[in-house]
There are 2 protein chains.
Amino acid sequence: MTGPVAPSRGALRPVGPQQVRLAGGFWGRRQQINGAATMEHSRTWEDRLGWTGNFRNPLAERRRGWEFSDSEVYKMTEALCWETGRPGGVRHDEALAELTSLIGGAQDADGYLHTAYGRPGQPARYSDMNFGHELYCAGHFFQAAVAGARTGAAPGLLEIATRLADHICVQFADEGFCGHPVVETGLVELYRVTGERRYLDQAAKFVARRGHRTLPEHEFGWQYFQDAVPVRNGEVFHGHAVRALYLAAGAVDVAVETGDDELLQAVARQFDRTLARRTYITGGMGSRHQDEAFGEDFVLPSDRSYSETCAGVATIQLAHRLLLATGETRYGDIVDRVLHNVIATAVADDGRSFFYAHTLHQRVPAEPPRTDREQLRFSGGARAPWFEVSCCLNNVGRLTASLGTYFVTEDPGGVQLHQYAPMRVEAGGMVLDVDTDYPDAGVVTVTVVEAPPTPRTLTFRIPEWAAGPEGVHRRVFEKNEQIRLELPMRPRWTFPDPRVDALRGCAAVEVGPIVMCAESTDQEDGVRLDEIQVDTSVTPEAGAVKGHRVHPADPGWPYQSHRTATERPDPVVVPLLPYHRWARRGPSTMRIWLPVNPS
Amino acid sequence: MTGPVAPSRGALRPVGPQQVRLAGGFWGRRQQINGAATMEHSRTWEDRLGWTGNFRNPLAERRRGWEFSDSEVYKMTEALCWETGRPGGVRHDEALAELTSLIGGAQDADGYLHTAYGRPGQPARYSDMNFGHELYCAGHFFQAAVAGARTGAAPGLLEIATRLADHICVQFADEGFCGHPVVETGLVELYRVTGERRYLDQAAKFVARRGHRTLPEHEFGWQYFQDAVPVRNGEVFHGHAVRALYLAAGAVDVAVETGDDELLQAVARQFDRTLARRTYITGGMGSRHQDEAFGEDFVLPSDRSYSETCAGVATIQLAHRLLLATGETRYGDIVDRVLHNVIATAVADDGRSFFYAHTLHQRVPAEPPRTDREQLRFSGGARAPWFEVSCCLNNVGRLTASLGTYFVTEDPGGVQLHQYAPMRVEAGGMVLDVDTDYPDAGVVTVTVVEAPPTPRTLTFRIPEWAAGPEGVHRRVFEKNEQIRLELPMRPRWTFPDPRVDALRGCAAVEVGPIVMCAESTDQEDGVRLDEIQVDTSVTPEAGAVKGHRVHPADPGWPYQSHRTATERPDPVVVPLLPYHRWARRGPSTMRIWLPVNPS
């Protein structure tokens with residue numbers, strides 16, 4: 001059984017869900033909650049809002065939800081497949097059988113599948129290529145069907161998917177593509193499952209057609225729709241962040257399967273520059289609320305930073321593909337960062353509420369929602385149970401249920417551990433037990449359960465922040481042998497590139513992959529977060545840094561001929577906690593980047 | 001003849017357009033271009049796009065433009081009235097007669113007037129109080145009609161206006177108000193012209209009804225529509241900036257006419273806090289693109305700052321009302337600042353292209369528009385001839401045509417000069433000639449042309465940045481006597497409040513009311529604006545400051561354990577120019593706030 005991404009070639013081979021069994025720990029616990037609570041939560045909401053019902057009554061006059069609500073049903077279905085298929089997962093066979101029947105029942109005779117178009121009273125099929133989301137929904141359905149087939153949890157989805165894919169290959173043989181990419185990855189994965197070369201070719205066409213300004217002009221511009229620059233010619237990701245990252249993942253899939261190294265390198269180059277210039281310290285991407293888009297290079301203010309949860313999921317999907325294609329373990333660094341600072345932040349402890357966007361600076365405590373509707377668009381300082389555009393929770397759901405497949409790879413010589421968690425790994429010809437409290441501690445102990453009598457290579461990803469330890473062990477491993485990796489988890493000061501204007505004069509504290517923050521809940525009585533200056537000459541501790549409390553004057557005009565005095569009347573200790581733990585104890589203010597005492 | 005704002009009571013009395021004749025200079029030249037070019041430009045576009053045509057063929061199936069396009073015709077009409085009515089203005093009698101006939105012809109028998117609602121195939125009247133903009137358009141029409149009546153340039157508008165106002169007073173006797181304020185100021189001014197108390201009462205009702213969350217819930221929240229907090233209870237302006245400022249102006253009008261000091265003080269308090277915490281150095285307001293809204297206190301990043309032109313116009317309208325009501329000359333400071341840094345920046349030298357939003361930091365040179373549509377939403381670094389939402393140019397048009405009325409006030413004791421320009425002033429019982437090169441120089445010379453033989457008071461506003469000179473002269477003035485004011489126009493460093501996180505470690509240069517900026521066009525060969533650090537220990541010169549060029553490293557990840565070195569390899573001179581002059585010499589990068597060399 002393979003996982004969500006199964007390239008037929010590449011430097012490293014992915015492992016399947018059965019090959020990595022998370023055993024508790026930071027992510028194992030979250031995976032349990034995801035399977036037990038989040039999936040039921042999602043199904044309940046999608047039923048209540050009528051999004052599943054749209055498939056049951058596609059002719060009903062009043063279809064419910066946005067044009068992309070079908071995709072939420074598909075992402076949920078995909079999550080249920082991975083959960084059912086993973087070792088120790090909650091089985092959702094009945095729900096999957098029902099969903100298979102429901103979805104199949106809504107498919108038209110010619111293979112077309114979408115509940116919002118083409119029926120009496122509905123807009124015509126493919127009448128709005130910018131925002132119609134028809135191919136977008138198809139792409140998510142292909143990913144669900146692939147999960148159903150690979151896990152065996154919902155094999156009936158595959159026939160529906162191939163009929164839909166066949167229709168798409170005919171319909172879009174010569175022109176056209178969707179305003180929101182994702183069909184590209186879906187089609188390539190469907191090709192990988194079925195061997196139908198047409199699906200790969202169609203995905204390649206979709207990738208190649210973009211970037212020539214052929215979509216109808218729109219006020220957000222062609223950048224938003226990834227139609228301003230061909231993927232092959234891009235220098236950096238731009239426009240709508242999730243669209244950009246999904247498209248890039250599809251381009252990698254196409255490049256790998258067709259041997260198009262130029263395309264692969266183009267994506268890798270854009271990703272590198274995006275990491276260097278358009279990424280928050282959390283690994284989050286996308287700084288603009290208005291169009292959910294990347295800003296220009298170094299436009300990364302903490303105030304109202306956007307950093308959509310789905311962009312985090314998409315970043316992991318893209319980085320994993322590049323890791324498999326190139327074998328460069330550095331791609332694991334961004335996965336590590338996004339997992340621990342975006343994905344872990346997004347979900348409440350009970351798995352039933354979520355952040356859609358991730359500000360790095362909360363200046364005013366969240367106000368409790370006053371109405372049902374207000375609850376659904378609740379952002380800025382509180383997790384909400386659902387959103388009118390509710391992609392983030394199903395995206396986190398499908399990622400979390402298949403998470404082990406992102407942690408480990410193998411190659412003919414052995415096994416590579418990219419992420420650290422307590423887990424049983426069967427890969428590269430070995431069986432390994434990994435024990436660790438990562439990210440709470442830096443020690444990783446690997447016990448060899450089984451190994452062949454021939455030399456094997458066990459590779460640890462050494463994060464960028466952990467210069468030092470040896471990452472590659474090649475030898476004949478003995479049963480019960482232990483290999484120990486110790487990553488330095490000393491809290492450290494981190495300073496921003498001076499071109500990130502909005503962070504000038506600030507520092508953050510990181511501990512391993514964890515970005516720390518100061519939350520008002522923890523501060524000394526009466527100390528406000530906008531009064532703190534920290535002393536970076538003092539080594540930070542995990543739970544606190546030293547600093548001073550300044551008292552800004554309050555003139556009637558905030559721009560004055562003299563700098564506000566930086567005298568330090570009150571030394572303070574500034575307690576910190578992991579960013580992913582914030583906003584779990586009621587409304588609060590919070591900041592990651594702390595102003596540095598200039599004296 | 002009175003001007004746009006004519007309260008029946010207040011500490012200071014407004015002057016009419018005939019009482020202040022601008023005679024060239026910074027604003028006189030702009031007023032000429034406004035009357036000669038901008039108005040013709042606006043009319044041409046509104047005809048071409050069918051916005052005027054909507055009045056001619058209100059039954060036509062395909063009405064053109066947004067639901068608020070009627071208001072653009074009204075704002076243009078108002079501008080034509082003020083231009084026709086000002087001494088030395090271009091007369092537009094024929095156009096005004098035609099517009100009067102056109103508008104009147106579209107009015108329904110019961111007084112209702114809007115081209116987008118109520119006719120066959122159109123939505124019902126008042127069916128969308130959030131976004132319908134029906135009362136908004138009415139408010140702008142009232143302002144046009146008032147201008148037509150006061151100047152005598154279009155007296156026929158008044159009857160149309162009173163019929164519309166009568167309809168509104170019946171229709172909204174008991175409940176309801178518009179998602180976009182402006183009808184409040186319009187109704188009060190109509191009351192001031194006609195003496196019809198009902199119009200004032202209706203305006204008071206509209207002000208009082210807001211803030212109770214009675215408008216339909218919307219994804220932008222009630223804050224956007226100014227329906228979250230009653231005006232009387234507000235602490236600071238919030239939500240959509242133009243809506244907030246228009247409503248505040250209406251509340252001042254109501255407060256002044258009804259003697260409601262509590263309401264007046266509530267607005268003054270909110271304005272004070274907004275100036276102290278939610279205003280850019282340019283005087284611009286509104287930091288969020290998504291909903292054109294105020295950010296939280298101190299959320300004022302230069303990157304992608306919004307600072308809509310219309311919010312600048314609205315700030316001047318509000319400040320002027322508070323000045324008249326309270327007599328506090330400090331309100332002239334913000335008018336001065338907005339005029340010279342927002343309004344002056346908005347308009348191209350030929351009066352035919354405009355900034356809609358005003359970024360304080362342009363990181364990437366504007367790309368020329370490739371299509372007609374792209375031209376219309378051209379923002380970020382270039383002025384455009386028109387916008388799909390084209391309020392800013394008509395708003396600047398009507399302000400500029402009536403500008404003299406904002407410069408001077410009178411009271412029983414004499415005359416107050418709030419803004420400095422070469423002009424002939426007839427007010428407070430005196431005739432004065434003001435001669436000055438302000439804002440290019442700080443000397444203002446007032447020559448007494450006529451004065452009574454009794455003591456008079458001549459008051460100069462002394463800007464906050466110009467501590468020192470005496471502002472009040474009370475005596476018997478002699479004919480031909482000259483009174484000289486000298487404002488210090490030494491360039492000065494200005495530092496931001498430390499709570500404006502996005503500006504930490506930066507300084508700006510100001511000269512009088514002028515905010516300076518660095519534009520790439522002027523920099524030494526090869527020096528990029530993101531490499532500059534300035535030395536604030538060196539006194540700035542008007543045209544340049546001293547600094548150093550740093551060379552940021554370019555690691556793959558922008559957050560590192562060591563600060564980027566701040567060694568100073570290359571001393572550079574950083575040429576500056578007034579912010580209002582930027583983007584007049586082709587695509588460029590620009591920044592107002594300059595990073596300070598920390599060593």
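Sequence positions are assigned chain by chain, starting from 1 and proceeding in written order. Each chain is given a letter, starting from A, and each ligand a number, starting from 1, according to the order in which they appear as written. Side-chain atom pairs in this predicted model are given and counted only at pLDDT of 80 or more, local residue features only at pLDDT of at least 70, and totals for whole chains, interfaces and linings cover all residues. Only hydrogens and water are set aside when side-chain values are computed; all heavy atoms of the structure are taken into account.

Describing the overall build of chain A
Helices and strands together make up the secondary structure of chain A, namely 15 helices and 21 strands. In terms of overall dimensions, chain A is globule-like: its C-alpha atoms have a radius of gyration of 24 Å, near the 25 Å expected for 599 residues. With the principal axes as the frame, chain A shows a C-alpha extent of 75 × 65 × 45 Å. Using a 1.4 Å probe on the protein chains alone, a residue whose accessible area is under 20% of its type maximum counts as buried, one over 50% counts as exposed, and one in between counts as partly exposed. Looking at chain A as a whole, 67% of its 599 residues qualify as buried. In this analysis, two residues are considered to be in contact whenever any of their non-hydrogen atoms come within 4.5 Å of each other. Residue pairs in contact within chain A that sit at least 24 positions apart in sequence constitute 67% of those at least 6 positions apart. Of the roughly 20,200 Å² that chain A leaves accessible, carbon and sulfur atoms contribute 49%. For chain A, the distance from the average position of its 63 positive side-chain charges to the average position of its 76 negative side-chain charges is 1 Å. A run of H or I in DSSP counts as a helix once it spans at least four residues, and a run of E counts as a strand once it spans at least two, with each numbered from the N terminus. Radius of gyration here is computed from C-alpha atoms only, and the compact-globule reference equals 2.2 Å multiplied by the residue count raised to the power 0.38. To be clear on the numbers: accessible area is Shrake-Rupley with a 1.4 Å probe, and residue cover counts the displayed protein chains and nothing else. Counting rule applied: Lys, Arg positive; Asp, Glu negative; His and chain ends not counted. Charged groups are reduced to one reference atom each: NZ for lysine, CZ for arginine, CG for aspartic acid, CD for glutamic acid.

Quick look at the pairing of strand S14 (residues 514–519) of chain A
Residue and element names in this part refer to chain A. Within S14, six of the six residues are buried, which leaves the element mostly enclosed by the surrounding structure. With burial as the criterion, each face of S14 is covered, one bearing Ile514, Met516 and Ala518 and the other bearing Val515, Cys517 and Glu519. Bridge count for strand S13 (residues 506–511) against S14 is two bridges, and the pairing is antiparallel. Residue pairing across strands places Glu510 opposite Val515, the latter belonging to S14. Note on pairing: DSSP must find at least two bridges between two strands before they are called paired. What sits between the antiparallel neighbours S13 and S14 is a turn of two residues, in which Gly512 has the positive phi angle 55°. Inspection of the sheet shows S14 paired to strand S19 (residues 577–578) by two bridges, in the antiparallel sense.

Some thoughts on empty space enclosed by the protein
Buriedness of a pocket was judged along seven lines, with at least five required to meet protein on both sides within 12 Å; pockets are open sets of points on a 1 Å grid over the protein atoms alone, cavities are sets where a 1.4 Å probe fits but cannot get out, and lining residues have an atom within 4 Å of a point. Grid points are joined across faces, edges and corners, and a volume is the space filled by probe spheres set on the points. Overall, the coordinates contain 15 cavities of 30 Å³ or more when judged by the stated rule. The computed volume of the largest cavity comes to approximately 290 Å³. Taken together, 18 residues line the largest cavity, and the ones lying closest to its centre are Ser287, Asp303 and Arg304 of chain A together with Ser287 and Arg304 of chain B. The residue inventory of the lining of the largest cavity, partitioned by class, reads five nonpolar, seven polar and six charged. Three classes are used, and their members are as follows: Ala, Val, Leu, Ile, Met, Phe, Trp, Tyr, Cys and Pro are nonpolar, Asp, Glu, Lys and Arg are charged, and the others, Gly among them, are polar.

Re the interface of chain A and chain B
The interface of chain A with chain B comprises 70 residues on the first partner and 70 residues on the second. Accessible-area loss on putting two parts together, using a 1.4 Å probe and summing over both, is the definition of buried area adopted here. Summed over both partners, the interface of chain A with chain B buries about 6,000 Å², with 48% contributed by carbon and sulfur atoms. A side-chain nitrogen of Lys or Arg and a carboxyl oxygen of Asp or Glu constitute a salt bridge if their distance falls within 4 Å. Summed over the shared surface of chain A and chain B, the result is eight salt bridges. Two residues, Asp554 of chain B and Arg499 of chain A, come together in a salt bridge whose shortest N-O distance is 3.3 Å. Of all the elements in the fold, those that place two or more residues in the side of chain A that touches chain B are helix H9 (221–224), helix H11 (261–277), helix H13 (331–346), helix H14 (372–376), strand S12 (492–496) and strand S17 (559–560) of chain A. Note that S17 of chain A and strand S12 (residues 492–496) of chain B share two bridges and pair antiparallel. Following the sheet pairing, Tyr559 of chain A is matched in S12 of chain B by Pro496 of chain B.

Description of the relation of the copies chain A and chain B
Superposition of the copies used a least-squares fit over C-alpha atoms from residues whose pLDDT is at least 70 in both. The transform that puts chain A on chain B rotates by 180° and translates by 0.0 Å along the axis, for an RMSD of 0.0 Å. Both copies of the chain, as the preceding transformation shows, are related through a two-fold rotation axis.

Details of the sheet that holds strand S7 (residues 430–436) of chain A
The pairing of strands in a sheet comes from backbone hydrogen bonds and takes either a parallel or an antiparallel form. All names here are of chain A. Across the sheet, which stays open at both edges, the five strands sit in the order S2-S6-S7-S8-S11 with antiparallel pairing between neighbours. In the strand order of this sheet, the two ends are held by strand S2 (20–22) and strand S11 (482–486), each with one partner. For this sheet the average axis-to-axis angle between neighbouring strands, irrespective of direction, equals 20°. Direction of pairing for S2 relative to strand S6 (residues 423–427): antiparallel, over a ladder of three bridges. Along S6, the bridge assignment pairs Leu22 with Met423. Helix axes use the C-alpha atoms of the stretch in contact, all axes being lines fitted to C-alpha atoms, and the angles between their N-to-C directions lie in the range 0 to 180 degrees.

Some words on the packing of aromatic side chains
All names here are of chain A. Only centres within 6.5 Å qualify two rings of Phe, Tyr or Trp (six-membered ring in Trp) as a pair; their planes then separate them into stacked at under 30 degrees, edge-to-face at over 60, and tilted for everything else. A full pass over the atoms with the stated rule returns 44 aromatic pairs over all chains. Between Phe220 and Tyr224, the ring centres sit 4.9 Å apart and the planes meet at 50°, which makes this aromatic pair tilted. Judged by its relative accessible area of 26%, Phe220 falls in the partly exposed class. Between the aromatic rings of Tyr420 and Phe460, the centroid separation amounts to 6.2 Å while the plane-to-plane angle is 40°, which identifies the pairing as tilted. With a gap of 40 residues between them, Tyr420 in the loop between strand S5 (414–417) and S6 and Phe460 in strand S9 (residues 456–460) connect regions that are remote in the sequence.

Details of the sheet that holds S5 of chain A
All names here are of chain A. Spatially, five strands are ordered S1-S4-S5-S9-S10 in an open sheet, and the strand pairing comes out mixed. Two strands close off the open sheet at either side, each with one partner strand: strand S1 (13–14) and strand S10 (472–475). Here two bridges tie S1 to strand S4 (residues 408–411), and the two strands are oriented antiparallel to one another. Within the sheet, the bridge partner assigned to Pro14 lies in S4 and is Thr409.

What about the environment of Glu292 of chain B?
Residue and element names in this part refer to chain B. Looking at the element boundaries, Glu292 is found in the loop between helix H11 (261–277) and helix H12 (309–326). Sequence separation between Glu292 and Glu308 is 16 residues, and the spatial gap between their C-alpha atoms is 7.7 Å. Two N or O atoms count as a polar contact when they lie within 3.5 Å, although within protein this holds only if one can serve as hydrogen donor and the other as acceptor, and sequence-adjacent residues are included solely when both atoms are side-chain atoms. Among the polar contacts listed, one links the side chain of Glu292 to the side chain of His240, at a separation of 2.9 Å.

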